[in-house]
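Close look at the chain arrangement
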Amino acid sequence: MSCAMTAHTTPPVLVWFKRDLRITDHPALALAGPHILPLYIIEPDYWALPDTSARQWAFTAEALDSLRADLAALGQPLILRKGEAVEELARLCKAHHITRMISHEETGNAWTYARDKRVGAWARANGIDWQELPQSGVVRRLESRDGWQGQRNRFMRQPLVPAPEVLAPLASEISGLEHLPDARAFRMALDPCPHRQTGHRRAALHALDSFLATRGARYRVAMSSPLTAERACSRLSPYLALGVVSVRQVEQARAAARAAHPGAPEWGAALNSFAKRLAWRDHFIQKLEDEPALEWRCLHPAHETLRPRESDSARLRAWEMGETGVPFVDACMRYLRATGWLNFRMRAMLMSFASYHLWLDWRATGPILARLLTDYEPGIHWSQVQMQSGTTGINTIRMYNPVKQGYDQDPDGQFIRKWLPELAHVPGPYLHTPWAWGAGAKALQARYPAPIVDLAQAGAAARDAIWGLRKSSGFRDVARAVAFKHGSRASNTDRASAGAMRVAKRKQAHPDQLKLDL
């Protein structure tokens, strides 16, 4: 019997693509079989959120272009619909007598979490068998972090799922969007990002191949400076965030490259370090999977009133635009605005500076960073935003000195001069601290602002406030509960988190404290 004849008599399985825009190592696609209705729903309400942006949509549209081409080559193009997920799924299932739907589990932001709960309720009420499969080491409904790392590593060692050899074309044409809309169709704010990466799968594979062949050799020693990280880092983060490549494919390619360099200690150290970061990726996403509220509520509730919820609008705007008067901070922010990417240490510094020196609440600054990042991954982003703001209660207080970071990571001022052209003629000894340039500082203020805070005073005040809070009654008991639920059991984790975990195991908190009502 031909594929077309089978399609006439058997309802297709609906494969709902979300953040898994690929055909290789796609367990949901493989399980569905050849007779499928592959669907992607463009959801306007999602693209109206404060943590989404036009640059992210442009990247997503390019990834969708690649997926459409790959599915079409197999015999069944991707169906694109625009609207609310439940409504679009209900229309398609009713029109084509679909009773089975498969997708990957998604650990997204609060909006996608609520959407998936609505879809689940609709599916149960209408007799739709919706099956969700894991696509990474993140475990849904995890009871305990004990043994999680081994479970995650076993998943990474499983063979890659091959792409289907062929897909049966649907018996009748299904209406969908012929062309992907641009950001103007969503009334999204103008968002120029002239140097961002492209979302096509071929770009993802090129980044993977070039990193493992040449660029990654100095990964471990070059990842910290924005001058060298752009080339030395893998640059795979946006492709992993959208599932253009799977983390398992990347990990197995890394392991193969590691085996191919047995006598090269530099490569060994670099690729071992990269493996740890791939594992940390799942570790942090697991936190959001286990505690969705960490997107909007402090992991340790004692921090809820630490900073004003109504942020100083002038400070917030200056930080967002790279106009704080602290050159290295501003250069990093302007680089991020132009590229959609920034290396981890500099992201951490931007967040630390906003939270400690500017004393801004992370719920005001976090969405700004999220929409600037083409690699926005909610699980990593919100976990790190809270870590760098000191609100987890279990991690080391990371208060970066932005001037010292500038001297350490951009000693000659090359990065600052490129991204702050108004400082191009400032003498080298004053480039990192132009406010100390005597008479020149006054003349400079017409082109570049003075610091919006006194760095020493602001840093001292922040230290006093947060360490004072950590010494308050009952703080450690709640921190033990946080560590017991979220702390990594790995030996190479953050030392403060590991210490809190050891204490939590020795003295488990009362069950009511473990709930935390987060």
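Residues numbered from 1 in each chain as written. Predicted model: local features only at pLDDT ≥ 70, side-chain atom pairs only at ≥ 80, totals over all residues. Heavy atoms only, no water.

1. Focus: the confidence of the model for the chain
Our working definition: The quantity called pLDDT is the predictor's confidence in a given residue, expressed from 0 to 100. By definition, residues are in contact when any of their heavy atoms lie within 4.5 Å.
When the pLDDT values of the chain are averaged, the result is 92; 92% of them are 70 or greater. Predicted confidence for residues 1-8 stays below pLDDT 50, and this span has ten contacts to residues more than four positions away or in other chains. Long-range and interchain partners of residues 503-518, a stretch whose pLDDT sits below 50, account for 26 contacts in this model, where long-range means more than four residues apart.

2. Observations concerning the packing of helix α6 (residues 148-157) against helix α12 (residues 265-290)
The following threshold applies: Lines are fitted to the C-alpha atoms to define the axes, a helix being fitted only along its stretch in contact, and any angle between axes, read from their N-to-C directions, falls within 0 to 180 degrees. Every helix listed is a DSSP run of H or I at least four residues long, and every strand listed is a run of E at least two residues long, numbered separately from the N terminus. What sets the label is the angle itself: under 35 degrees gives roughly parallel, over 145 gives roughly antiparallel, 65 to 115 gives roughly perpendicular, and the rest give oblique. Here is the rule for handedness: rotate from the far helix to the near one, and if that takes an anticlockwise turn smaller than a right angle the crossing is left-handed, while a clockwise turn gives right-handed. Throughout this entry, Asp, Glu, Lys and Arg are counted as charged residues, while Ala, Val, Leu, Ile, Met, Phe, Trp, Tyr, Cys and Pro are counted as nonpolar. The remaining residues, Gly among them, count as polar.
Between α6 and α12, the least distance of the axes is 11 Å, while the angle of their chain directions is 120°. With respect to their mutual orientation, α6 and α12 come out oblique. Like other packed secondary-structure pairs, α6 and α12 cross with a definite hand, here right-handed. Here Trp148, Arg152 and Met156 of α6 come into contact with α12, specifically with Leu278, Ala279, Asp282, His283 and Gln286. A breakdown of the residues in the contact of α6 with α12 according to their chemical character gives four nonpolar, two polar and two charged.

3. So, the sheet that holds strand β5 (residues 129-133)
We count it as follows: The pairing criterion for strands is at least two bridges between them, as found by DSSP.
Strand order in the open sheet formed by five strands is β3-β2-β1-β4-β5, with parallel pairing between adjacent strands. Looking at which strands have only one partner, the edges of the open sheet turn out to be β3 (79-82) and β5. This sheet shows a mean twist of 25° between the axes of neighbouring strands, independent of strand direction. In terms of strand pairing, strand β1 (residues 13-17) meets strand β4 (residues 100-104) through three bridges, oriented parallel. Its bridge partner lying in β4, Val15 is registered against Ile102. The sheet contacts of helix α4 (residues 85-95) involve β1, β2 (36-42), β3 and β4, and relative to β2 the element is tilted by about 155°. Sitting on the sheet, helix α5 (residues 110-125) is in contact with β1, β4 and β5, with an inclination near 145° to β5.

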